[in-house]
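Chain by chain, the residues run as shown.
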Amino acid sequence: MSTHSTHRPSALRELIRRPYFWGVIAIALLLLINSIKDPGYLAVSYNSASGNLVGNLIDILRAAAPIAMISVGMCLVIATAGIDLSVGSVMAVAGAVAMEFLASAGGSPTAALGALGLALLLGAALGAVNAVLVSVVGLQPFISTLVLMLAGRGLAKVITGGQNTAASNDTFRWLANGYVFGIPVVFLLAVAIVILVGLLVRRSALGLMIEAIGMDPRAARLAGVNRRGLLFAVYIASGTLAAVAGVFASASVMTVDVSNTGYQLEMDAILAVVIGGTSLAGGKFNITGAAIGALLIATLDKTVVFLGISSSATPAFKAIVIIALCLLQSERIRAMFRARRSRPSDISSDTPKEAVAA
């Protein structure tokens with residue numbers, strides 16, 4: 001009995017120490033707030049005409065998918081003590097090349113596969129450019145990816161001639177708007193990416209080597225870790241996943257807006273990674289936490305719209321929620337609260353009655 005009771009609090013404390021636990025709590029609170037305003041907010045219904053599930057939760061899952069994709073790549077990059085500010089621009093470039101290809105190739109399934117392959121290849125190439133600047137040239141990751149962040153949208157405008165290119169292809173549209181077993185394809189793909197990358201980095205030595213170059217590059221080099229090769233791998237992965245997200249963002253409306261596609265999504269990805277418990281200083285990372293952070297960002301965006309918060313106050317609202325969440329994640333803040341709660345009991349138990357009376 002005593003063993004069982006002591007294990008339960010320790011398990012709870014261990015769960016509370018996990019940063020993504022507070023992300024889950026924040027998602028639940030946001031959904032609760034929305035449900036108070038509209039009791040039917042969480043309802044998910046089956047559309048017999050289309051055979052799909054519909055509801056606010058399905059919309060949140062769909063919106064979280066692109067953020068989760070780029071957050072996974074961002075998580076790996078940040079684990080190496082780097083950062084990738086170019087993912088939003090890579091999304092625009094990938095969407096631009098896919099739409100331009102479809103506009104000339106037509107609406108066949110082969111054209112859709114060709115557009116997808118071309119977009120992914122370009123995303124990987126842009127990720128390799130970042131890797132060259134960081135690992136070969138020796139530039140700081142912030143500067144290297146900032147250059148591509150600024151140049152990427154210019155490249156997208158060159159590809160489209162400065163116009164918002166539209167195309168028509170049912171297969172390509174299905175990738176973003178289709179359903180499998182009533183669930184959005186884009187969400188299923190995001191889940192598959194999170195699971196596959198998580199298994200790859202945790203069931204092999206790859207994750208440990210990534211963490212090693214993030215924590216101590218010199219020690220990792222002395223241990224025989226190929227830092228340059230790993231940097232190429234993570235930046236190419238980040239660029240490729242950003243291209244996948246860009247393809248889905250463009251396919252959802254079959255139009256690429258070179259100015260707005262992926263705009264500021266690099267900030268959402270960084271926030272999702274931090275919310276999930278990955279340190280910006282590099283080292284330890286958490287793929288599951290990044291996915292939960294992406295889901296929180298999507299829920300927060302939907303909550304802002306649902307509550308009718310003005311666009312001018314939206315950044316402040318999001319900042320308040322994220323700051324509160326980061327404070328809850330801080331072990332130092334939680335220790336301060338524990339100390340304040342234990343102080344009265346310490347006085348009552350340790351201080352003599354005469355001293356208290358005096």
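Cut-offs applied
- Residues numbered from 1 in each chain as written.
- Predicted model: local features only at pLDDT ≥ 70, side-chain atom pairs only at ≥ 80, totals over all residues.
- Heavy atoms only, no water.
- UniProt positions renumbered as here; feature names shortened; annotations may be inferred.
- Helix = DSSP H or I, 4+ residues; strand = E, 2+ residues; numbered from the N terminus.
- Buried < 20%, exposed > 50% of the residue type's maximum accessible area, 1.4 Å probe, protein only.
- Contact = heavy atoms within 4.5 Å.
- Areas by Shrake-Rupley, 256 points an atom, 1.4 Å probe, with all protein chains shown as cover.
- Core = buried A, V, L, I, M, F, W, Y, C linked by side-chain atoms within 4.5 Å.
- Salt bridge = Lys/Arg side-chain N within 4 Å of Asp/Glu carboxyl O.
- Pairing = 2+ DSSP bridges.
- Patch = residues over 30% accessible without salt bridge, like charges linked within 9 Å, V, L, I, M, F, W, Y side chains within 5 Å.
- Phe/Tyr/Trp six-rings, centres within 6.5 Å; stacked < 30°, edge-to-face > 60°.
- Lys NZ or Arg CZ within 6 Å of the ring centre and 35° of its normal.
- Expected span 1.5 Å × (residues − 1).
- Polar contact = N/O pair within 3.5 Å; in protein donor to acceptor, adjacent residues only side chain to side chain.

In the annotation of an unreviewed UniProt entry, the chain is listed under the name ABC transporter permease and assigned to Candidatus Brachybacterium merdavium. Quoted verbatim from the Subcellular location (unreviewed entry) heading of the UniProt record, the comment on the chain is "Cell membrane".

S.K.: With reference to specific residues and values, describe the overall build of the chain.
M.R.: The secondary structure content of the chain amounts to 16 helices and four strands. With 358 residues in all, the chain has 41% of them scored as buried. Within the chain, contacts between residues at least 6 apart in sequence are counted, and of these 77% link residues at least 24 apart. Here the chain displays about 17,700 Å² of accessible surface, and carbon together with sulfur accounts for 67% of that area.

S.K.: Would you mind going over the nonpolar core in detail, with residue names and values included?
M.R.: Counting 91 residues, the largest nonpolar core has Met69, Met74, Leu76, Leu102, Phe172, Phe285 and Ile287 as the members making the most contacts within it. For this core, the element with the highest residue contribution is helix H3 (residues 56-79), accounting for 14 residues. Setting aside residues up to four positions removed in sequence, phenylalanine 172 forms contacts with Ala98, Met99, Leu102, Ala112, Ala115, Leu116, Val247, Ala251 and Met254.

S.K.: Account for the pattern of salt bridges, naming residues and giving values.
M.R.: Counted according to the given criterion, the structure contains two salt bridges. In this structure, lysine 284 and glutamate 211 form a salt bridge, with 3.8 Å as the shortest nitrogen-oxygen distance. Here lysine 284 is found in the loop between helix H12 (265-275) and helix H13 (287-306), whereas its partner glutamate 211 is found in helix H9 (residues 206-215), with 73 residues between them in sequence. Accessibility expressed as a relative area gives 55% for lysine 284, which makes it exposed. Taken together, the shared-partner salt bridges connect Arg202, Glu211 and Lys284 into one network.

S.K.: Can you break down the UniProt feature "transmembrane region" (unreviewed entry) in the chain residue by residue, with the values?
M.R.: Sites flagged by UniProt as "transmembrane region" (unreviewed entry) map to residues 20-37, 57-78, 85-105, 111-134, 179-201, 230-251 and 304-328. Structurally, residues 179-201 is divided into 74% helix and 17% strand, and its ends, taken at the C-alpha atoms, are 29 Å apart.

S.K.: Tell me what's going on with the environment of glycine 95, and back it up with residues and numbers.
M.R.: Structurally, the position occupied by glycine 95 is in helix H4 (residues 87-105). A relative accessible area of 0% places glycine 95 in the buried class. Excluding its chain neighbours within four sequence positions, the residues that come into contact with glycine 95 are Gly246, Ser250 and Val256.

S.K.: How would you summarise the pairing of strand S2 (residues 52-55) if you had to cite specific residues and measurements?
M.R.: Where strand S1 (residues 44-47) and S2 come together, four bridges link them in antiparallel fashion. In the sheet register, tyrosine 46 faces S2, and the bridge partner there is leucine 53.

S.K.: Before we move on, can you summarise a nonpolar patch on the surface with the specific residues and values?
M.R.: Taken together, the side chains of Val132, Val136, Val137, Leu139, Phe142, Ile143 and Val147 define a hydrophobic patch exposed on the protein surface, amounting to about 570 Å² of accessible area. Secondary structure elements with two or more residues in the nonpolar patch: helix H5 (109-137) and helix H6 (141-160). By secondary structure assignment, the location of valine 136 is in helix H5. On the accessibility criterion, valine 136 (45% relative accessible area) is partly exposed.

S.K.: With reference to specific residues and values, describe the side chain of threonine 261.
M.R.: Its location among the elements puts threonine 261 in the loop between helix H11 (227-251) and H12. In this structure threonine 261 touches Gly88, Met91, Ala92, Arg153, Ala249, Ser250 and Val256, once residues within four positions along its chain are discounted.

S.K.: I'd like a description of the packing of aromatic side chains, backed by residues and values.
M.R.: Applying the stated criterion to the full structure yields one aromatic pair. Directly above the ring of phenylalanine 306 sits lysine 37, whose terminal nitrogen or CZ lies 5.0 Å from the centroid. The ring centre of phenylalanine 285 lies 4.3 Å from the NZ or CZ of arginine 202, which sits over that ring.

S.K.: How would you summarise H4 if you had to cite specific residues and measurements?
M.R.: The end-to-end C-alpha distance of H4, which contains 19 residues, comes to 27 Å, matching closely the 27 Å that a straight helix rising 1.5 Å per residue would cover. Within H4, 14 of the 19 residues are buried, which leaves it mostly tucked inside the rest of the structure. Remark: glycine 106 follows H4 within two positions and exhibits a positive phi of approximately 100°.

S.K.: An account of unusual backbone geometry is requested, with residue identities and associated values reported.
M.R.: Here the phi dihedral of alanine 81 falls at roughly 70°; this positive angle occurs in a residue that is not glycine. Its location among the elements puts alanine 81 in the loop between H3 and H4. Taking the relative accessible area as the measure of exposure, alanine 81 reaches 38% and is therefore partly exposed. Even without being a glycine, glutamine 264 presents a positive backbone phi close to 65°. On the basis of relative accessible area, glutamine 264 is assigned to the partly exposed category, the value being 44%.

S.K.: So, H3: which residues are in play, and what are the values?
M.R.: Here H3 spans 33 Å end to end across 24 residues, near enough to the 34 Å set by a 1.5 Å rise per residue. With 18 of 24 residues buried, H3 is to be regarded as a mostly interior element. Phi for alanine 81, located one or two positions after H3, is positive at around 70°.

S.K.: Requested: an account of the environment of asparagine 177, with residues and values cited.
M.R.: With respect to the secondary-structure elements, asparagine 177 resides in helix H7 (residues 170-177). On the basis of relative accessible area, asparagine 177 is assigned to the partly exposed category, the value being 29%. With 74 residues separating them along the chain, asparagine 177 and alanine 251 place their C-alpha atoms 7.8 Å apart. Discounting residues that sit within four places of it in the chain, asparagine 177 has contacts with Arg62, Ala251 and Ser252. Of note is the side chain of asparagine 177, whose polar atom sits 3.1 Å from the backbone oxygen of serine 252.

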